[in-house]
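A structural walkthrough
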Protein chains: 2
Amino acid sequence: MNIDLLKNEKIDQLYSNNVKIIQSTEVFSFSLDAVLLADFTKVSSKRIKKIVDLCAGNGAVGLFLSQKTAAQITEIEIQPRLADMANRSIKLNGLENQFNVINDDLSKSLDYIKKDSVDVITCNPPYFLNYDTSKKNDNEYMAIARHEIKTNLDKIMMISSSMLKTNGKMYVVFRPDRLSDLLINMRKYHLEPKQIKFVYPQQGKNANMVLVEAIKDGKMNGLKILPEIVVYDNGSYTDYVNGLIYGE
Amino acid sequence: MNIDLLKNEKIDQLYSNNVKIIQSTEVFSFSLDAVLLADFTKVSSKRIKKIVDLCAGNGAVGLFLSQKTAAQITEIEIQPRLADMANRSIKLNGLENQFNVINDDLSKSLDYIKKDSVDVITCNPPYFLNYDTSKKNDNEYMAIARHEIKTNLDKIMMISSSMLKTNGKMYVVFRPDRLSDLLINMRKYHLEPKQIKFVYPQQGKNANMVLVEAIKDGKMNGLKILPEIVVYDNGSYTDYVNGLIYGE
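Now for a quick tour of the structure. (Residues numbered from 1 in each chain as written. Chains lettered and ligands numbered in written order. Predicted model: local features only at pLDDT ≥ 70, side-chain atom pairs only at ≥ 80, totals over all residues. Heavy atoms only, no water.)

Quick word on the overall build of chain A
Threshold: Helix numbering and strand numbering both begin at the N terminus, where a helix is a DSSP run of H or I of at least 4 residues and a strand a DSSP run of E of at least 2. The reference for a compact globule is 2.2 Å times residues^0.38; the radius of gyration itself is calculated from the C-alpha atoms. Only protein chains enter the accessibility calculation, which uses a 1.4 Å probe. A residue is then buried if its area is under 20% of the maximum for its type, exposed if over 50%, and partly exposed in between.
Check the secondary structure of chain A and you find seven helices and 13 strands. Rg of the C-alpha trace for chain A: 17 Å, near the compact-globule value of 18 Å for 248 residues, within the 12% margin. When its C-alpha atoms are laid out on the principal axes, chain A stretches across 50 × 50 × 45 Å. For chain A, the residues scored as buried account for 58% of the 248 residues in total.

Structural data, given as structure tokens:
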């Protein structure tokens, strides 16, 4: 398969699976967030037919998920440059039949996807509030991926709740410093948080990532705080993270 | 000091401090929740003059706190039997000058305490929703302490927000399965969660307690998920918990 790479692009592959992903230091690279989100997301049930990845970036989360499901995966990404990378990575892996990339604002999702039709949504949203005063990344690609410039938690939860079936699940990776915002916006749109997993960079440090599973129209109790993930131990990846990246 | 003990009462003392607390298996016993909440609560600053403990039960949280502050401590407890135990424990420890027990519904707190006057509030609220169908403890003392029969998170946060000064702090111990309810009710009354610590019974299990520090009128971001507490390791208390109970 011949896929053209643009300037500053390279192909990355996790040793733990077979997926190749076009990365670019200039634009946006998937990182541990995407690996952990894909690992946290449950998609192996055969009843899961339709998955949507919002804020898809270069498509990494969906591509990782494709290794554990035969469901149709739709990647929605507002930035043409990133949506193009996702499309080329899909071709590189010969997964055109399983994937569909929508290059549009996620608030337009219902123009493409039927209401109440989706089994699973994943999202790695912009983490930072779009304060006028906040120091944004000079690189516009990065700024849009990281700050609430083009979208925000409220919009993401509103559209996700519309797309999901009753009892459909949403999986999000986020920063703990806005955990309250995340849980409040989820409940506002009847996406009830049911499982949370915190990610600590190392023992004795504060968590720096949080993974949340919410269920559409789920009951408002029964939230489980799962055993934590620790990323580094003495400067090396812990066995768990090592397994995700390099295989077991 | 002669203090009368009623039937089925005994005096417990944590070896890690000097406080004696009247306990009763029949009514209500302080447990690890109270020890962890008192440990989590920051009261050593000399600027802290006024502390209120809501849902005070037999007064354990306030009594533990008295070991690290000279501030005035008010215990508010709706159940006369428990308020009486708290009063006798206070006498037993010779702490009448530092303490004040109010035996009333916490929703009446402003009849006793000035608005915007409190530096720190602690609360170990009833954990369970008061569903008509929920299986309550046959013992009414326990049922009221554990279920939202006489109060609920909404009332607790409303009254706490009224009593606290701007930038005053609220410390709560709760069950993770209602974490969203807790964070949502806190924000509703401008008590912004700033630090959270999860308590896991042992490595690899789900958390079974959560400690939350909120700041009145705090900014809506910057929440920190602190390193976790693990209670047991191989059937024995971990060093950390051992230190809290038996001293270091």
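Description of the relation of the copies chain A and chain B
Put simply, the test is: A least-squares fit on C-alpha atoms brings the copies together, and the residues used are those whose pLDDT is at least 70 in both copies.
Expressed as a screw transformation, the operator carrying chain A onto chain B has a rotation angle of 180° and an axial translation of 0.0 Å, and the superposed copies differ by an RMSD of 0.0 Å. On this basis, the relationship between the two copies can be described by a two-fold rotation axis. Taking C-alpha positions as the reference, the residue of chain A nearest the rotation axis is isoleucine 184 of chain A, at 3.1 Å.

A few points about the interface of chain A and chain B
Applied cut-off: The contact rule is simple, with two residues in contact once any of their heavy atoms fall within 4.5 Å. In this description, buried area is defined as the sum, over both parts, of the accessible area (probe of 1.4 Å) that is lost when the two are combined. Criterion for a salt bridge: a side-chain nitrogen of Lys or Arg within 4 Å of a carboxyl oxygen of Asp or Glu. Counting of polar contacts relies on pairs of N or O atoms within 3.5 Å, with two restrictions inside protein: one atom must be capable of donating a hydrogen and the other of accepting it, and residues adjacent in sequence are counted only when both atoms are side-chain atoms. Only Asp, Glu, Lys and Arg are considered charged, only Ala, Val, Leu, Ile, Met, Phe, Trp, Tyr, Cys and Pro nonpolar, and every remaining residue, Gly among them, polar.
Between chain A and chain B, the residue contacts involve 29 residues of the former and 29 residues of the latter. Of the roughly 2400 Å² buried where chain A meets chain B, counting both sides, 53% is carbon and sulfur surface. Considering only the surface of chain A that becomes buried against chain B, Ser180, Asn206 and Ile225 of chain A emerge as the three largest contributors, covering 22% of it. Between chain A and chain B we count two salt bridges in total. Put simply, arginine 187 of chain B and aspartate 181 of chain A hold a salt bridge, and the shortest N to O gap is 2.5 Å. Our count for the contact surface shared by chain A and chain B stands at 10 residue pairs in polar contact (both at pLDDT 80 or more). Listed by contribution, the elements that provide at least two residues to the side of chain A that touches chain B are helix 6 (179-188), strand 8 (191-200) and strand 10 (224-225) of chain A. Here the element with the most residues in the side of chain A that touches chain B is helix 6 of chain A; it accounts for six residues. Across the side of chain A that touches chain B, the residue classes break down as 15 nonpolar, six polar and eight charged.

Here's the deal with helix 3 (residues 80-92) of chain B
All names here are of chain B. Heads up, the condition is: Each residue after the first adds 1.5 Å to the expected span of a helix.
The end-to-end C-alpha separation of helix 3 is 18 Å, in line with the 18 Å expected for 13 residues at 1.5 Å each. Listing the buried residues of helix 3 in full gives Arg81, Leu82, Ala83, Met85, Ala86, Arg88, Ser89, Ile90 and Leu92. Buried residues in helix 3 make contact with strand 1 (9-13), strand 2 (20-24), helix 2 (60-65), strand 5 (99-102) and helix 4 (140-146). Residue glycine 94 follows helix 3 closely and has a positive phi angle near 65°.

Describing the nonpolar core
What counts, and what does not: Side-chain atoms within 4.5 Å link the members of a nonpolar core, which is a set of buried Ala, Val, Leu, Ile, Met, Phe, Trp, Tyr and Cys residues.
In terms of nonpolar packing, the biggest core is built from 146 residues, with Leu54 of chain A together with Leu54 of chain B touching the most fellow members. When neighbours within four sequence positions are excluded, leucine 54 of chain B is seen to be in contact with Ile76, Leu106, Ser109, Ile121, Thr122, Cys123, Asn124, Ile156, Ile159, Ser160 and Met163 of chain B.

Remarks on the pattern of salt bridges
What the rule picks out here adds up to 28 salt bridges over all chains. For lysine 115 of chain A, the salt bridge is made with aspartate 116 of chain A, and the minimal N-O distance between the two is 3.5 Å. Beyond isolated ion pairs, a larger network of salt bridges with shared partners links Glu148, Arg178 and Asp181 of chain A together with Arg187 and Glu192 of chain B.

Considerations on unusual backbone geometry
A positive phi angle is found at asparagine 167 of chain A, which is not glycine, with a value near 70°. Counting through the fold element by element, asparagine 167 of chain A comes out in strand 7 (residues 164-174). Of note in the backbone geometry, asparagine 234 of chain B takes a positive phi value of approximately 55° without being a glycine. For asparagine 234 of chain B, the location among the structural elements is in the loop between strand 12 (232-233) and strand 13 (236-237). Classification of asparagine 234 of chain B as exposed rests on a relative accessible area of 79%.

Thoughts on empty space enclosed by the protein
To keep it simple, the criterion reads: The method works on a 1 Å grid over the protein atoms by themselves. A cavity is a set of points holding a 1.4 Å probe that cannot get out, a pocket is an open set with protein on both sides within 12 Å along at least five of seven lines, and residues with an atom within 4 Å of a point line them. Grid points are joined across faces, edges and corners, and a volume is the space filled by probe spheres set on the points.
All chains considered together, the criterion is met by one cavity of 30 Å³ or more. Estimated volume of the largest cavity: approximately 30 Å³. What lines the largest cavity is Arg187, Glu192, Pro193, Met220, Asn221 and Leu223 of chain A together with Asp177, Arg178, Ser180 and Asp181 of chain B. When residues of the lining of the largest cavity are traced back to their parent elements, those giving at least two are strand 8 of chain A together with helix 6 (179-188) of chain B. Here the residues of the lining of the largest cavity sort into three nonpolar, two polar and five charged.

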